[in-house]
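Structural overview for review
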Amino acid sequence: MTSWSPTLITRVMLGVAVLLSAFPLYWMLVIASRTNADAVAVPPPFLPGGNLGENILGVLRNEDAHFLLGLTNSVIVATVVTVSVVVISTLAGFSFASLSFRGRNVLLLAVLLTMAVPLQQMGVVPLYRLMVTLGWTGTLKAVILPFLLNGFGVFLMTQYTRQAVPHELVEAARVDGAATLRIWWNVVLPAVRPGMAVLGINTFMLLWNDFMWPLIVLTPDNPTVQIAITSLNARYSTNYTLIFAGTALSIIPLIAVFVAFGRQIVGGLMEGAVKA
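The structure contained in this document is the topic of the report that follows. Because the structure is predicted, anything quoted here is derived from the model rather than measured.

1. Details of the overall build of the protein
What the protein contains, in helices and strands, is 16 helices and zero strands. Overall, the protein is about 70 × 65 × 30 Å in size when its C-alpha atoms are taken along their principal axes. Here the protein, with 276 residues, has 36% of them falling under the buried criterion. Partitioning the intrachain contacts of the protein with sequence separation of at least 6 by distance along the chain shows that 75% fall at a separation of at least 24. Carbon and sulfur atoms form 69% of the exposed surface of the protein, whose accessible area is close to 16,600 Å². Of the side chains in the protein, 14 bear a positive and 10 a negative charge, and the two mean positions are spaced by 9 Å.

Structure below.
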């Protein structure tokens, strides 16, 4: 294998890309550690201040935001939905990729068609009426139930299983007497873990950052973290320091999830590169 040394232009472009990606996070910490007067000053400050702890306490003590409750609710919603989507999508992907049954292609086509329709935007009215009929408005069930499965996850795991799990391996396990669920657990899952990590992180981030549906079905005293951040505004003014401090707190779970599963993603990318 021949080694490749990056040129000066490559290093410069990578450095610019890193700076552009990291600057919004740095700016968030700068404003979160300053006063509100500093946040609207011209020219703006470019170095962190000493008010980060005070602003974080202000976020946690804000009676209108219910920030800790919103953070807890978002963790519950994103975790439950992510686990459900990953497990169901992996099972469905294994079925579509490795099992033969009547109507398989038609069902997979139906799954793909759901990806072409913006269900959350077009179905918000009937979905809200369903939640009202069930009496679930204002509860986390209304935020969790509609997203326990999505077509993208099924499609992703179907394609990944086809590439990562040879059909001969599944047939060999079946010849050895393994049942279908045993094959899925012992043969398929170890091979598709990188794909599961990608789907899990993507799903967790989407649910964590979702704003519209929780705003519709939840109440201000039982919010998710994104709704809690918007409640940090004062009635007649915008408190940028509290908003940025709350945003800084809200990204900690995302960073923890990426640190926990990022190695699986990198491993999957490297595995795909070697196979290619």
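2. Overview of the packing of aromatic side chains
Here a ring pair, both rings aromatic, is described through the centre-centre distance and the interplanar angle of the planes. For the structure shown, the criterion picks out five aromatic pairs. Between the aromatic rings of F23 and W27, the centroid separation amounts to 6.2 Å while the plane-to-plane angle is 20°, which identifies the pairing as stacked. Remark: W27 and F23 occur in helix α1 (residues 8-32); sequence separation between them is four residues, near one turn of the helix. Ring geometry for W184 and W185: centres 6.1 Å apart, planes at 55°, overall tilted. Owing to a relative accessible area of 11%, W184 belongs among the buried residues under this scheme.

3. Some thoughts on the pattern of salt bridges
The full count for this structure, using the stated rule, is one salt bridge. Between D38 and R34 there is a salt bridge, and its shortest N-O distance comes to 3.8 Å.

4. A word on the nonpolar core
Ranked by internal contacts, the top residues of the largest apolar core, which has 49 residues, are F67 and V192. Here the element with the most residues in this core is helix α4 (residues 67-98); it accounts for eight residues. Discounting residues that sit within four places of it in the chain, F67 has contacts with V59, L60, V225, A228, I229, G246, L249 and S250. Core analysis: the second largest hydrophobic core is formed by five residues, A92, L108, V111 and V154 among them.

5. With respect to the packing of helix α9 (residues 151-164) against helix α12 (residues 193-209)
Packing of α9 against α12 leaves a shortest axis separation of 10 Å and a crossing angle of 165°. Here α12 runs roughly antiparallel to α9, going by the angle between their axes. As for how α9 packs across α12, the hand of that crossing is right-handed. Residues F152, G153, L156, M157 and Y160 of α9 pack against P194, G195, M196, L199 and N202 of α12. For the contact of α9 with α12, the per-class residue count stands at seven nonpolar, three polar and no charged.

6. Digging into the environment of T161
If you trace the backbone, T161 turns up in helix α9. Along the backbone, T161 and L206 are 45 residues apart, and their C-alpha atoms lie at a distance of 23 Å. If sequence neighbours within four positions are ignored, T161 has contacts with G93, F94, A97, S98, V188 and V192.

7. Things to note about the side chain of T241
Within the secondary structure layout, T241 lies in helix α15 (residues 240-250). Overall, the relative accessible area of 4% leaves T241 in the buried class. Other than its neighbours up to four places away in sequence, T241 contacts I31, A32, R34, T35, N36 and N55.

8. Things to note about α9
Within an α-helix, residues lying three or four positions from one another point in the same direction, as the helix has 3.6 residues per turn. Taking 1.5 Å per residue, 14 residues should reach 20 Å; α9 reaches 20 Å between its end C-alpha atoms and fits that length. When we look at burial in α9, the residues that qualify are G151, G153, V154, M157, T158, Y160, T161 and A164.

Rules and cut-offs
Residues numbered from 1 in each chain as written. Predicted model: local features only at pLDDT ≥ 70, side-chain atom pairs only at ≥ 80, totals over all residues. Heavy atoms only, no water. Helix = DSSP H or I, 4+ residues; strand = E, 2+ residues; numbered from the N terminus. Buried < 20%, exposed > 50% of the residue type's maximum accessible area, 1.4 Å probe, protein only. Contact = heavy atoms within 4.5 Å. Areas by Shrake-Rupley, 256 points an atom, 1.4 Å probe, with all protein chains shown as cover. Lys, Arg positive; Asp, Glu negative; His and termini not counted. Charge placed at Lys NZ, Arg CZ, Asp CG, Glu CD. Phe/Tyr/Trp six-rings, centres within 6.5 Å; stacked < 30°, edge-to-face > 60°. Salt bridge = Lys/Arg side-chain N within 4 Å of Asp/Glu carboxyl O. Core = buried A, V, L, I, M, F, W, Y, C linked by side-chain atoms within 4.5 Å. Axes fitted to C-alpha atoms, helices over the stretch in contact; angles between N-to-C directions. Parallel < 35°, antiparallel > 145°, perpendicular 65-115°, else oblique. Left-handed = near helix turned anticlockwise from the far one by under 90°. Nonpolar A, V, L, I, M, F, W, Y, C, P; charged D, E, K, R; others polar. Expected span 1.5 Å × (residues − 1).

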